[in-house]
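Here are the chains, one letter per residue:
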Amino acid sequence: MKLIQTQGYRLLTTGVCAPNGFLASGIHCGLRKNKSKKDLSLIYSPVRCNAAAVYTQNQVKGASIAVTKRHLADGMAQAIIINSGNANTCNDDGEIKAQMMCDLTAEALQISADDVLVASTGVIGQTLNLAPIARNIDQLAMALCDTGNDDAAEGILTLDTCKKEMAIEFTIGEHTCRIGGMAKGSGMVHPNMATILCFITTDIAITSTLLHKALSDVVADTFNMISIDGDTSTNDTCAILSSGMAKNTLIQQENSEAYRLFVQALRVVLTNLSRAVARDGEGATKLLECNVSGAIDIQNAKRLAKSVITSTLFKCAMFGEDANWGRILCAIGYSQANFNLEKIEIYLCSQAGTVMVCKDGKGVAFDEQQALQILKQPEIQIVIHLQDGDKSAVAWGCDLSYEYVKRNGDYRK
C-alpha cells in the first residue's frame, strides 16, 4: 500500500524498535491452536518512559484496559505485554489474570509490575489460560532484541492478513528523533477506536501530559476516522512510550515548535497505520478514502466523512464496482451534519482518473465505463465538496465483500 505524507521524513524499517532504547519480541506460546502463528508479544525499554494511552469508548471493556489504566496513573511505563487469541473480556477472573500477566513480565524483566502495560485481543467471553504465558514468558524476554519488531507485530494479529508497521526519522533542532509504531485491526472496526491495538514508541523527550494530549488529538483524526463494519470493540488500546533518548530539550509547552513537529510526525505514522488497518479489513478488496472539504466546521466534516465510509450499502456498491452515487448522498443526508444540499459536489477518484457524479446536489451525466475503470482500482477516493466553509476531514474504510460474511460466520471455529 502506498504511504502518504512522508515527504521530509526518513522512512525506517524497524517499527517499534526504530527509536533509541526499545527492544521487542514475539513468540508462539500456545494460546492459539495454530503453532505457526505467534500469539505473545513484548515491547521493552531499559529505562522508564513517559507514557500515555487512549482506549475504546465501548462501555464493555476488556480486563486489560482496567489494569493498564491503573499502571498508567503516574504517566510512566517500561514494558507492554500483548497476547492474541483471547480478549480476556467479560470473565470473572479477567483483571486478576491481566495483572498476573504484568507480574510475570515484571519478574522476567526485573522491573516493577506497575510499569508494565497489558493488552489482549481475540475472542470475547472465553477464559484466558495463563499457563502458556507463564511457561514461555522467560523465552519471550530472552528473545528481546532491536530487530524484534516484526515478530512483535506478528504476535498481535488476529484475522489480519498482514503486519502493520511504520517508523520515521526527523529532526527537532539539532537532535535526530524517531517514532515507530505497530498496529492490528481487521474486523470489529468502527469510529472511536475499534478492535485496534496500536503501540507507539519514540525517543523524543516530552512530558506525559503532552504525550497524552498529542496522542488523543491525533487518534481523533486517524484511528477514530476508520470504519470497516460498524462494530466498536471492547479491547481497543493505543499506547505510546517515550524513552527521551533523543536527548532533545524536554518538550513541556504545547505552543512550542518542538511540540508541533512531534505532533506532525506522530500524525504521519498514525495516518499510515490507519490506512493500513482500513485496507486490511476482513475480506476487503479495496481501500476507501472519503475526503470532505468546504465544511463550516471540523465536526460537520467528520460527521459527513464517517457517515459515508460507514454506509453498508455504499461499501457493497464499491465491492460491486457500481458508481451508485445516490448511496453517498443518502449517507450525507442522515449524517446529522449541517450542509447546503444545493452546493454539494461529489467525485469518484482513483489512479485510473476522476469522474464527477453529482453537482449542486443532483446527478450529472457521466461515463459509466470510465467510472467502472476508476472503481476497479485497489484504492478509491470519494471527494465531497460542500462549499459552505473552509474545514475538511478524511475517513477511511473498505468495501464489504462476500468474504467478510464468510469469515465472521465461523469466527470461533
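In case you missed it, the structure is sitting above this.
Overview of the structure.

Quick look at a negative patch on the surface
Logical step 1: A surface patch of negative charge is lined by Asp 103, Glu 107, Asp 114 and Asp 138.
Logical step 2: Assignment of secondary structure puts Asp 103 in helix 2 (residues 94-109).

Digging into the pattern of salt bridges
Logical step 1: Applying the stated criterion across every chain yields a total of 21 salt bridges.
Logical step 2: Between Arg 260 and Glu 257 there is a salt bridge, and its shortest N-O distance comes to 2.5 Å. Of this pair, Arg 260 and Glu 257 both sit in helix 6 (residues 257-279), three residues apart, which is roughly one turn of that helix.
Logical step 3: Its salt-bridge partner being Lys 286, residue Glu 321 comes within 3.2 Å of it at the nearest N-O pair. Placement of Glu 321 in the loop between helix 8 (312-319) and helix 9 (326-333) and of Lys 286 in the loop between helix 6 and strand 11 (287-295) is noted, with a sequence separation of 35 residues between them.
Logical step 4: Linked through salt bridges whose partners overlap, the residues forming this network are Arg 10, Glu 169 and Arg 178.

Concerning the nonpolar core
Logical step 1: Of all hydrophobic cores here, the largest spans 78 residues; its most connected members are Phe 223, Phe 262, Leu 270, Ile 346 and Ile 384.
Logical step 2: Phe 262 has contacts with Ile 179, Thr 202, Ile 204, Ile 206, Leu 211, Ala 214, Ile 240 and Ile 251, leaving out every residue within four places of it along the chain.

As for the sheet that holds strand 15 (residues 379-385)
Logical step 1: Strand order across the open sheet formed by seven strands is 9-16-11-15-12-13-14, with mixed pairing between neighbours. Each having just a single partner strand, strand 9 (226-227) and strand 14 (362-363) make up the two edges of the open sheet.
Logical step 2: Pairing of strand 12 (residues 345-350) with strand 15 involves five bridges; the strand directions are antiparallel. Bridge pairing in strand 15 places Leu 348 opposite Ile 382.
Logical step 3: Lying over the sheet, helix 6 contacts strand 9, strand 11, strand 15 and strand 16 (391-398), oriented at roughly 40° with respect to strand 16.
Logical step 4: Contacting strand 12, strand 13 (353-359) and strand 15, helix 10 (residues 368-375) crosses the sheet at an angle of about 120° to strand 13.

Concerning helix 7 (residues 298-310)
Logical step 1: Spanning 13 residues, helix 7 covers 18 Å between terminal C-alpha atoms, matching the ideal 18 Å at 1.5 Å per step.
Logical step 2: Every buried residue belonging to helix 7 is among Asn 300, Ala 301, Lys 302, Leu 304, Ala 305, Ser 307, Val 308 and Ile 309, and all of these are buried.

A word on the environment of Ser 307
Logical step 1: Here Ser 307 lies in helix 7.
Logical step 2: The class of Ser 307 is buried, set by a relative accessible area of 10%.
Logical step 3: Note: C-alpha distance between Ser 307 and Tyr 334 (27 residues apart in sequence) is 7.7 Å.

Parameters and conventions
Residues numbered from 1 in each chain as written. Predicted model: local features only at pLDDT ≥ 70, side-chain atom pairs only at ≥ 80, totals over all residues. Heavy atoms only, no water. Patch = residues over 30% accessible without salt bridge, like charges linked within 9 Å, V, L, I, M, F, W, Y side chains within 5 Å. Areas by Shrake-Rupley, 256 points an atom, 1.4 Å probe, with all protein chains shown as cover. Salt bridge = Lys/Arg side-chain N within 4 Å of Asp/Glu carboxyl O. Lys, Arg positive; Asp, Glu negative; His and termini not counted. Charge placed at Lys NZ, Arg CZ, Asp CG, Glu CD. Helix = DSSP H or I, 4+ residues; strand = E, 2+ residues; numbered from the N terminus. Core = buried A, V, L, I, M, F, W, Y, C linked by side-chain atoms within 4.5 Å. Buried < 20%, exposed > 50% of the residue type's maximum accessible area, 1.4 Å probe, protein only. Contact = heavy atoms within 4.5 Å. Pairing = 2+ DSSP bridges. Axes fitted to C-alpha atoms, helices over the stretch in contact; angles between N-to-C directions. Expected span 1.5 Å × (residues − 1).

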